[in-house]
Amino acid sequence: MDFSVVDTPEQAAFRREVRGWLDANIPKELEENLSPDPQEVTEAEFQWGWEFQKKLGALGWLAPTWDKEHGGGGLSVDHAMVIDGELSMRNLPPMSNLGIALAGPAIRAWGTDEQKRRFLPGTGRGEIITWQAFTEPEAGSDLASLKMRAVLDGDDYVLNGTKMFIGGCNVADFLYTLAVTDPNAPRHQNISAFMVPNNSPGITIHLLDLIAGGGKRMVYYEDVRVARENLIGGENGVGKGWWVAQTTLELEHGGSGRVVRDPLVDQLIRYCRSSVRGGKPLTADSKAQQMLADIYIRSHVGRLIGTRNYWMQSAGKKFSYEGSQFSLWGKTFAPWLAKQVRELVGPYSLVTDQKWAAIHRELESHQRQSLATHPGGTPEIQRVIMARAIGISRSPNRTAASGKPSGGH
Ligand SMILES: Cc1cc2nc3c(=O)[nH]c(=O)nc-3n(C[C@H](O)[C@H](O)[C@H](O)COP(=O)(O)OP(=O)(O)OC[C@H]3O[C@@H](n4cnc5c(N)ncnc54)[C@H](O)[C@@H]3O)c2cc1C
């Protein structure tokens, strides 16, 4: 089976333009020296990444398919595929701007015209960074049981509560936050969504030391005042937060798809070709050959599922099980790949010392990242969502034996 992707002549010309621009704007030494561990990215590297993000935004390449008036590039999906593909092959500081991937689409779908004017252009141009603040210590998979309260007081809402696993390797301008606005309303109808300025008095943030790194934080809200006009959900947005969040979660649960596969697989194959064991390259070993072939095939299966979802999303197709299928593929492939790597490469895949570490420490970092299957919903929850979508769940609204319906985050 031929897995190769063939560009149209127009895509090929655009690819040359994008690649040329990236070559001219990314210093070689930055790519060569960047730590694969996001937590080790230096302040200078982070600042460089942010400036680079803004340069991409100015070209319309950060949110290529968004309208120009909303900070996008007004480009076609064909162009977006090229940009995604080229960026994924570069070694860059993490640009974890969840505003573009998660909050932006929700504002585009649910925001008032005034909110779109206020939040989208800065987001699309990479000037505004937003973190997603949904999860709480007692509300993860069952997101609808969240406890953060938002009480209307004059023209402001006053927020109290705690969010967990929030953020990325950078600073944020806004926290895209879910909170209960009506504790007496039925489940799902009691929640509203807010864009909370991160510099609001009453917000305290503590970095979490996670094995996967990633700059995740606890965020405490104590009497945080947020203006009424920052409530997202349309003109009558109070109580619509669950549906606003669904726009985000559908994308986060694999609905955004992906047109490229992880470059780690190619790096691993190159490493095995050039590593000599017992006088022969690792790839001369028949067991290693079989393992690498299996890794290669599975990685392409994931790429095809991701490409289908990318197409479905951009063509406005309705999703059933497909988003969670891609998410579940990623969450099972990563730990499986990590195990294969340990068998193939041995202890070199587990050390951080540059002298011994295989592939510039990429493999060691991957070993740890592969353990983090929780972001965007656990594998079990992806299975629950798929079961509901194909009609084999115990009931559309009740999945847990505890009797608590699952929110499916
Ligand atoms: C690295 C990282 C990054 C994250 N980033 C963000 C972020 O940016 N913003 C944000 O808001 N959140 C973020 N999260 C939170 C993430 O969405 C939650 O961790 C996830 O939804 C699971 O919730 P939980 O951790 O409370 O686990 P729980 O919900 O307590 O689940 C515990 C275990 O029970 C299982 N389980 C729960 N319910 C069911 C069920 N109905 N059926 C079967 N099994 C079930 C789960 O699969 C899991 O194995 C992040 C988490 C991590 C680890």
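Preceding block: the structure.
Just so you know, these numbers come straight off a predicted model, no measurement behind them. (Residues numbered from 1 in each chain as written. Predicted model: local features only at pLDDT ≥ 70, side-chain atom pairs only at ≥ 80, totals over all residues. Heavy atoms only, no water.)

Neighbouring the ligand are 18 residues, the closest being Thr135, Ser141, Phe165, Thr378 and Glu380. Between a nitrogen atom of the ligand and a main-chain N or O atom of Phe165, the distance comes to 3.1 Å. Taken by itself the ligand offers 980 Å² of open surface, and the protein chains cover 73% of this. The set of elements that each furnish at least two residues to the shell around the ligand consists of β3 (156-166) and α12 (379-389). Broken down by element, the shell around the ligand gets its largest block of residues, three residues, from α12. Per-class residue counts for the shell around the ligand are seven nonpolar, nine polar and two charged. Viewed by domain, the shell around the ligand spans two of them, domain 2 (130-239) and domain 3 (257-389), each represented by three or more residues. (Near = heavy atom within 4 Å. Polar contact = N/O pair within 3.5 Å; in protein donor to acceptor, adjacent residues only side chain to side chain. Areas by Shrake-Rupley, 256 points an atom, 1.4 Å probe, with all protein chains shown as cover. Helix = DSSP H or I, 4+ residues; strand = E, 2+ residues; numbered from the N terminus. Nonpolar A, V, L, I, M, F, W, Y, C, P; charged D, E, K, R; others polar. Domains from an automatic or database assignment.)

Across the interface, helix α8 (residues 264-274) lies against helix α10 (residues 322-345) with an axial gap of 12 Å and an inter-helix angle of 10 degrees. Classified by the angle between their axes, α8 and α10 sit roughly parallel to one another. Residues Leu264, Val265, Leu268, Tyr271 and Cys272 of α8 lie in contact with α10, whose contacting residues are Phe333, Leu337, Val341, Leu344 and Val345. Here the contact of α8 with α10 is composed, by residue class, of 10 nonpolar, no polar and no charged. (Axes fitted to C-alpha atoms, helices over the stretch in contact; angles between N-to-C directions. Parallel < 35°, antiparallel > 145°, perpendicular 65-115°, else oblique. Contact = heavy atoms within 4.5 Å.)

Here the focus is a nonpolar patch on the surface. Among the surface-exposed residues, Tyr296, Ile297 and Val301 lie close enough to one another that they form a single nonpolar patch of about 240 Å² accessible area. With respect to the element layout, Tyr296 can be found in helix α9 (residues 286-314). (Patch = residues over 30% accessible without salt bridge, like charges linked within 9 Å, V, L, I, M, F, W, Y side chains within 5 Å. Salt bridge = Lys/Arg side-chain N within 4 Å of Asp/Glu carboxyl O.)

Here we take up the pattern of salt bridges. Any two side chains of opposite charge can pair, given that their charged atoms come close. Taken as a whole and assessed by the stated rule, the structure comprises 19 salt bridges. For Arg15, the salt bridge is made with Glu86, and the minimal N-O distance between the two is 2.8 Å. Here Arg15, found in helix α1 (residues 9-25), pairs with Glu86, found in helix α4 (residues 77-88); they are 71 residues apart in sequence, far enough to count as distant. With respect to burial, Arg15 and Glu86 carry one shared label: buried. With a closest N to O distance of 2.9 Å, Arg118 and Glu114 form a salt bridge. Within this pair, Arg118 and its partner Glu114 are both found in helix α6 (residues 113-124), separated by four residues, close to a single helical turn. (Buried < 20%, exposed > 50% of the residue type's maximum accessible area, 1.4 Å probe, protein only.)

Nothing here speaks to function; it is geometry throughout.
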